[in-house]
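Read off the chains here:
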Amino acid sequence: MAKNKKRSKVHSRSRRARRTTQIGIAPGHLPDDEAGPAPEIHRFCYGPDAIEEMPIGTAAALRDGSGRFPVTWININGVSNGSTLRELGNIFGLHALALEDCLNIRQRPKVEDYGNHLFMVVRMPSRAEGLELEQVGIFLLPGVVITLQEHAGDCFEPVRKRLRTDAGRVRREGADYLAYALIDSVVDNYYPVLEHYGDALEIVETRLISSGTTNENAAIHGIKQDLSKLRRALWPLRETLGNMYRNEDGHFKPETRTYLRDCHDHAMQLMDIVEACREMGSSLMELHISSLSQRMNEIMKVLTLIATIFIP
């Protein structure tokens, strides 16, 4: 039963991949897909003195915005419905190419300036049943931030808590600071994930040295594969953050760009950690191969001794 469920999940992913990579489709095309699950839409409207939080039934209901609040944050869980994305683009004037990138969830981290709004893509890491790098699209407009996720569950809860309790400065800042806070939460979420792989490598190293186990090849290879995925997500993220804090296009205030620079420093630290873990994994692989060769040499010595005694 579990095997059939796994097979159906793989088939659904392959169907989605084929749909978003059809050859010959016009740029910015969004399919008329209303059969998929309806996305979950949640809206935060806030200012220094008040906050309003509510679920939204459909994207069309977002036309009735709360103009009395300086900042609005719209979070959408589920990006497989092309009609919802099209409605979102019509309401807020979002570029069709950016909406198409939200639908195609294989984008690398990047930032694109469309004049009246900024579009960013980041990869949000998590470890439930393995490493997952979920794509998160972030639109920054004057007074509005829109985040689009593949599914429910994220690392934005500390930001929501600060909004609800008026902790920190996020309630007294604009939409650009909220966009920074969300990106910073994604970057900070890499630290516990990398800490997990660092601990796993230390456990493998202890087993190799103390007990001399010879079945660590799969474990080391799996860790190195996940570290390569993290590196592919962090490398363009570092470049993206560098472009954002150096760019004076007006989407981020100078004060917010200072915080983005700190976020860029964190991304560089994460890259250093990834490289250190990758080097440690390569060293453990070499140690593993050496231990196998040493074990083979010991076996050959014993066989040679036995042959020397009994062959005559």
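See the structure shown above.
Everything numeric here is computed off the predicted structure, so don't read it as measured data. (Residues numbered from 1 in each chain as written. Predicted model: local features only at pLDDT ≥ 70, side-chain atom pairs only at ≥ 80, totals over all residues. Heavy atoms only, no water.)

Enquirer: Is there a simple way to explain the packing of aromatic side chains in this structure?
Expert: In this description, a pair of aromatic rings is defined by centroid distance and the angle of the planes. One pass over the structure, following the stated rule, counts 6 aromatic pairs. Measuring from centroid to centroid gives 6.2 Å for tryptophan 73 and phenylalanine 156, while their planes differ by 75 degrees, and the two rings are edge-to-face. Placement of tryptophan 73 in strand S3 (residues 71-77) and of phenylalanine 156 in the loop between strand S7 (144-149) and helix H4 (157-165) is noted, with a sequence separation of 83 residues between them. Summarising the burial analysis for this pair, tryptophan 73 and phenylalanine 156 share the class buried. Aromatic pair tyrosine 177 and tyrosine 259: ring centres 5.5 Å apart, planes at 90 degrees, arrangement edge-to-face. Here tyrosine 177, found in helix H5 (residues 175-188), pairs with tyrosine 259, found in helix H8 (residues 254-310); they are 82 residues apart in sequence, far enough to count as distant. Residue classification places tyrosine 177 among the buried positions, given a relative accessible area of 6%. An aromatic cluster is built from Phe44, Trp73 and Phe156, whose rings are joined through pairwise contacts. When the ring centre of tyrosine 245 is taken as reference, the NZ or CZ atom of arginine 246 above it lies at 5.3 Å. (Phe/Tyr/Trp six-rings, centres within 6.5 Å; stacked < 30°, edge-to-face > 60°. Helix = DSSP H or I, 4+ residues; strand = E, 2+ residues; numbered from the N terminus. Buried < 20%, exposed > 50% of the residue type's maximum accessible area, 1.4 Å probe, protein only. Lys NZ or Arg CZ within 6 Å of the ring centre and 35° of its normal.)

Enquirer: Explain the side chain of aspartate 226 to me, please; I cannot follow it from the model alone.
Expert: Along the chain, the position of aspartate 226 falls in helix H7 (residues 217-246). Although aspartate 226 lies buried, it forms no salt bridge, and the closest oppositely charged side chain, lysine 229, sits 4.2 Å away as judged by the N-O distance. Setting aside chain neighbours within four positions, we find aspartate 226 in contact with Arg127, Leu131 and Tyr197. (Lys, Arg positive; Asp, Glu negative; His and termini not counted. Salt bridge = Lys/Arg side-chain N within 4 Å of Asp/Glu carboxyl O. Contact = heavy atoms within 4.5 Å.)

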